[in-house]
Amino acid sequence: MAGENPAVDIRSVTPTLCRLLDIEPPSVCSAPALDAVLAAAPGRVERVLVYGADAIGRMFLDNHPDLRKRLVAASDVQVELRAMMPPKTPVCFASMFTGALPAVHGITKYERPVLTCDTLFDVLARAGKRAAIVAVKDCSMDIIFRNRAIDYFTEADDAAVLERTLQLLEDSRHDFIVSYNQGYDDELHRSRHDGPEAVAAATRHVDTFLRLRQATEEHWAGRGHALVLVSDHGAHFDVARGRGDHCEDTPEDMDVMHFWRFRPQQ
């Protein structure tokens, strides 16, 4: 059935981005590009903003059709992908931005070393692209891709990440930006993955994506560009622990949906 255990996984994000930017993928990349995304691109893509919303799973969006409807309306193409096993943030984002399996990039459980293999950020630097990561202090995205020739912006919380990202878009000096938010993941671990606090956090992530859509169209209008919302994994309610979690090979934890939007140069 469509949507359950998609055949293509989140490793395909990196080769797709590389094809769009016309650069070589990392040497460790072993995944195909997403044909549906490439077909939706209207022409040359010069700049990309990747908005990472942690733990927003496909089944969560199925259960909150109002949020899903807003994301679909704000994007040109949606793709269902499978997370890495185990569905933990550093494992998944390491695979997403290398195109490699956990056994290859080396993060196979919840740990956060600085990756030493070739990554998307390495190939961006080699291609002369100016790249940036904007993330909350001490989160996985703030740590595991360090020591690259890119710009790092470490912020106090999701709101500060958004403000920094908006400023980078206004400055218009970067070709590639990853902006990462973690509020929903924080809330699901405190209570339930579908509790009111968690749903409110997920709603803020959708609001942020729409705000970034507006900002990219305003500040990158002179460049062909892409905006994509990616998530690393989903989540479920752990009855034994009495709170949300993500660690199992189930559709709740493993199935995600990514949303891609393209705009040609104006």
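Residues numbered from 1 in each chain as written. Predicted model: local features only at pLDDT ≥ 70, side-chain atom pairs only at ≥ 80, totals over all residues. Heavy atoms only, no water.

Colleague: Just checking my understanding: could you explain the overall build of the chain for this structure?
Modeller: Each helix and strand counted, the chain has 12 helices and nine strands in total. A compact globule built from 266 residues should have a C-alpha radius of gyration of about 18 Å, and the chain, at 17 Å, falls within 12% of that. Principal axes of the C-alpha set define a box for the chain whose edges measure 50 × 40 × 35 Å. When the 266 residues of the chain are sorted by exposure, 59% land in the buried category. (Helix = DSSP H or I, 4+ residues; strand = E, 2+ residues; numbered from the N terminus. Rg over C-alpha atoms; globule rule 2.2 N^0.38 Å. Buried < 20%, exposed > 50% of the residue type's maximum accessible area, 1.4 Å probe, protein only.)

Colleague: Looking at this structure, how should I read the nonpolar core?
Modeller: Looking at soluble globular proteins, one finds that nonpolar side chains tend to be buried together. By size, the foremost hydrophobic cluster in this structure holds 50 residues, and its most contacted members are Val50, Phe97, Phe121, Met141, Phe176, Trp260 and Phe262. Those residues within four positions of Phe121 in sequence are excluded, and the remaining contacts are Phe97, Ile133, Phe145, Arg148, Ile150, Phe176 and Val178. Counting 36 residues, the second-largest nonpolar core is a separate cluster that includes Leu49, Leu61, Phe153 and Trp220. (Core = buried A, V, L, I, M, F, W, Y, C linked by side-chain atoms within 4.5 Å. Contact = heavy atoms within 4.5 Å.)

Colleague: So what exactly am I meant to see when it comes to the pattern of salt bridges here?
Modeller: Side chains carrying opposite charge are able to pair once their charged atoms draw close together. Taken as a whole and assessed by the stated rule, the structure comprises 21 salt bridges. As a salt-bridge pair, Asp122 and Arg148 come within 3.0 Å of each other at their nearest N and O atoms. Here Asp122 is found in helix H7 (residues 120-126), whereas its partner Arg148 is found in the loop between helix H8 (140-143) and strand E4 (151-155), with 26 residues between them in sequence. Take Asp122: its relative accessible area is 18%, and that puts it in the buried class. Classification of Arg148 as buried rests on a relative accessible area of 10%. Of the charged contacts, one joins Glu217 and Arg263 as a salt bridge, the two residues approaching to 3.5 Å between their closest N and O atoms. Taken together, the positions of Glu217 in helix H11 (residues 196-219) and Arg263 in strand E9 (residues 255-263) put the pair 46 residues apart, joining distant regions of the chain. We classify Arg263 as partly exposed; its relative accessible area is 24%. By sharing partners, the salt bridges in this structure join Arg58, Asp62, Arg68 and Asp255 into a single network. (Salt bridge = Lys/Arg side-chain N within 4 Å of Asp/Glu carboxyl O.)

Colleague: Is there a simple way to think about the packing of aromatic side chains in this case?
Modeller: Counted under the stated rule, the structure contains eight aromatic pairs. Plain terms: the ring middles of Phe93 and Phe97 are 6.0 Å apart, the flat faces sit at 5° to each other, and that makes the pair stacked. For the pair Phe93 and Phe97, one class covers both residues: buried. On the basis of an interplanar angle of 90° and a centroid distance of 5.7 Å, the ring pair of Phe93 and Tyr180 is categorised as edge-to-face. Within this pair, whereas Phe93 is found in helix H5 (residues 89-96), its partner Tyr180 is found in strand E5 (residues 176-181), the two being separated by 87 residues in sequence. On the basis of relative accessibility, which here comes to 4%, the residue Tyr180 falls in the buried class. An aromatic cluster of at least three residues, connected via ring pairs, comprises Phe93, Phe97, Phe121, Phe145, Phe176 and Tyr180. (Phe/Tyr/Trp six-rings, centres within 6.5 Å; stacked < 30°, edge-to-face > 60°.)

Colleague: For this particular structure, what's the right way to read the sheet that holds E4?
Modeller: The strands that make up a sheet pair up through hydrogen bonds in the backbone, lying either parallel or antiparallel. Across the sheet, seven strands lie side by side as E2-E9-E6-E1-E5-E3-E4; this open sheet has mixed pairing. The sheet terminates laterally at strand E2 (77-82) and E4, the two strands that pair on one side only. Neighbouring strand axes in the sheet, compared pairwise and without regard to direction, differ in orientation by 15° on average. One ladder, built from six bridges, connects strand E1 (residues 47-53) with strand E6 (residues 225-230); its direction is parallel. (Pairing = 2+ DSSP bridges. Axes fitted to C-alpha atoms, helices over the stretch in contact; angles between N-to-C directions.)

Colleague: Teacher, can you tell me more about the environment of Leu34 here?
Modeller: Topologically, Leu34 is positioned in the loop between helix H1 (13-21) and helix H2 (35-40). Of the residues examined, Leu34 reaches a relative accessible area of 8% and is grouped as buried. Placed 15 residues apart in sequence, Leu34 and Arg19 show a C-alpha to C-alpha distance of 9.6 Å. Setting aside anything within four residues of it in sequence, one finds Leu34 in contact with Val8, Ser12, Thr16, Val79, Leu81 and Trp260.

Colleague: Which parts of the structure should I look at to understand the environment of Met257?
Modeller: Inspection of the secondary structure assignment puts Met257 in strand E9. Note: C-alpha distance between Met257 and Leu61 (196 residues apart in sequence) is 8.5 Å. If sequence neighbours within four positions are ignored, Met257 has contacts with Arg58, Leu61, Arg68, Gln78, Val79, Glu80 and Leu229.

Colleague: I tried to follow the side chain of Thr119 on my own but got confused; where do I start?
Modeller: Position of Thr119 among the secondary structure elements: in the loop between helix H6 (102-105) and H7. Owing to a relative accessible area of 0%, Thr119 belongs among the buried residues under this scheme. A polar contact is formed between the side chain of Thr119 and the backbone nitrogen of Phe121, at a distance of 3.2 Å. For Thr119, the side chain forms a polar contact with the side chain of Asp122, separated by 2.8 Å. Those residues in contact with Thr119 that sit more than four places away from it in its chain are Pro26, Phe97, Thr98, Phe145 and Arg148. (Polar contact = N/O pair within 3.5 Å; in protein donor to acceptor, adjacent residues only side chain to side chain.)

All we've got here are geometric facts, nothing functional implied.
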